[in-house]
Amino acid sequence: MYDAKAESGAGSLVIDRDPGAGNSIDLTIAIACLNEEANIEATLDTVIAAMSGLRWTYEVLVVDDGSTDGTAAVVERYRDARPELPIFLHRNPQNRGLTRSYVDGAFLGRGKYYRLVCGDNVEPAETLETVFQQLGKADMVIPYHGVVPGKTALRRALSQSYTRMVNALSGYNIRYYNGIALHLRYNVMRWGPYSFGFGFQAELITRLLDEGATYIEIPVHALHREKKGKNSAINYRNFLSVAHTLLEVFIRRVRKRAFQR
């Protein structure tokens, strides 16, 4: 078992592990959350339920990204009430964004494979179980959605347009880039994305495809929970992030053609 914390000032990660903890588990599940006091307990229930019928060894790492509500306290109570479960909490001293939490979680984890779960509990246990059942079959397990309950026509149109643009610029033909893929944890650490918003999955997936990673795509079900303010997917910061991702994907393709690498 281990505890992870961030030093004040430089913000470097400090990890204390028991001797022999090693890297001997199959899967690290990182739950990224910002002010999810109302949803984090249900998210943990969902993750534990999904893993209960699977044979993989795992850990759950909750990354509290500078929450100002009681998110961390809920996680601590949940963990203390269930000491037999491999649940750990890492608290960022300030908000660092989803991409930073995602990549940091990969460095903090111990599993061979790595998967992000958002703290707002939008993925049913059946969806997570479907994804985790594919563990070991490819370097990436990429989920895609049909009709997502709660998602507006505008959001669907934006998502479809984004997928088409990424495919056009990258030369690939992936069904959906905004689903959360299951990765080899090493790949997330080695090729971790630099985007600061929702474009990070497309940046990572296309980069790994450039590097020759194998993948499978699977259909899953998900819910949509609209958020407001800076947590909303529709804001200027995420539009800038998407533009950065598209530019990065295009430049990488040009570089690959120019230098054959």
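Parameters and conventions
- Residues numbered from 1 in each chain as written.
- Predicted model: local features only at pLDDT ≥ 70, side-chain atom pairs only at ≥ 80, totals over all residues.
- Heavy atoms only, no water.
- Helix = DSSP H or I, 4+ residues; strand = E, 2+ residues; numbered from the N terminus.
- Buried < 20%, exposed > 50% of the residue type's maximum accessible area, 1.4 Å probe, protein only.
- Contact = heavy atoms within 4.5 Å.
- Areas by Shrake-Rupley, 256 points an atom, 1.4 Å probe, with all protein chains shown as cover.
- Arc of directions from axis to C-beta.
- 1 Å grid on protein atoms, 1.4 Å probe; cavity = no way out; pocket = protein on both sides within 12 Å on 5 of 7 lines; lining within 4 Å.
- Points joined across faces, edges and corners; volume = space filled by probe spheres on them.
- Nonpolar A, V, L, I, M, F, W, Y, C, P; charged D, E, K, R; others polar.
- Pairing = 2+ DSSP bridges.
- Right-handed = clockwise from strand over helix to strand, strands pointing away.
- Axes fitted to C-alpha atoms, helices over the stretch in contact; angles between N-to-C directions.
- Parallel < 35°, antiparallel > 145°, perpendicular 65-115°, else oblique.

Attention now moves to the overall build of the protein chain. Per the secondary structure count, the protein chain includes eight helices and nine strands. Across the 261 residues of the protein chain, 51% fall into the buried class. Within the protein chain, residue pairs in contact and separated by at least 24 positions form 79% of the contacts whose partners lie at least 6 positions apart. Looking at the protein chain as shown, the accessible area adds up to about 12,900 Å², and 53% of this sits on carbon and sulfur atoms.

With that settled, the discussion passes to helix H2 (residues 71-81). Among all positions of H2, only Thr 71, Ala 72, Val 74, Val 75 and Tyr 78 are buried. End-on, the buried residues of H2 take up no more than an arc of 160°, which puts them together on one face. The exposed set on the far side of H2, more than 90 degrees from its buried face, consists of Arg 77, Asp 80 and Ala 81. Of the surrounding elements, those touching the buried residues of H2 are strand S3 (25-33), helix H1 (40-52), strand S4 (58-64) and strand S5 (87-91).

Let us look at the layout of surface pockets. Counted as a void, the second largest pocket has a volume near 330 Å³. As for the second largest pocket, its lining consists of 19 residues, and the residues nearest its centre are Val 103, Trp 191, Gly 192, Pro 193 and Tyr 194. Looking at the lining of the second largest pocket, the elements with two or more residues in it are helix H3 (98-108), helix H6 (185-190), helix H7 (200-210) and helix H8 (236-259). Tallied by class, the residues present in the lining of the second largest pocket amount to eight nonpolar, three polar and eight charged.

Moving on to the pairing of S3. The element S3 is extensively covered by neighbouring structure, given that eight of its nine residues are classed as buried. In this structure, S3 lies alongside S4, joined through seven bridges in parallel fashion. Pairing of Ile 29 across the sheet is with Val 60, part of S4. For the segment spanning S3, H1 and S4, crossover handedness is right-handed.

If you roll a probe as big as a water molecule over the atoms, it shows you where there is empty space left. A full pass over the atoms with the stated rule returns one cavity of 30 Å³ or more. Approximately 30 Å³ is the volume attributed to the largest cavity. Every residue lining the largest cavity is listed: Thr 43, Thr 46, Val 47, Val 117, Cys 118, Asn 121, Val 122, Glu 123 and Leu 128. Within the residue set of the lining of the largest cavity, elements represented by two or more residues are H1 and strand S6 (111-118).

With that settled, consider the packing of H1 against H2. Running from amino to carboxyl end, H1 crosses H2 at an angle of 40°, the nearest separation of the two axes being 9 Å. Taken together, the axis directions place H1 and H2 in an arrangement best described as oblique. Side by side, H1 and H2 meet where Ile 40, Glu 41, Leu 44, Asp 45 and Ile 48 of the first sit next to Thr 71, Val 74, Val 75 and Tyr 78 of the second. When its residues are assigned to classes, the contact of H1 with H2 shows six nonpolar, one polar and two charged.

We now examine unusual backbone geometry. Look at Asn 35: it is not a glycine, yet its phi comes out positive at around 55°. We classify Asn 35 as partly exposed; its relative accessible area is 34%. A positive phi is found at Asn 121, a non-glycine position, where the angle reads about 60°.

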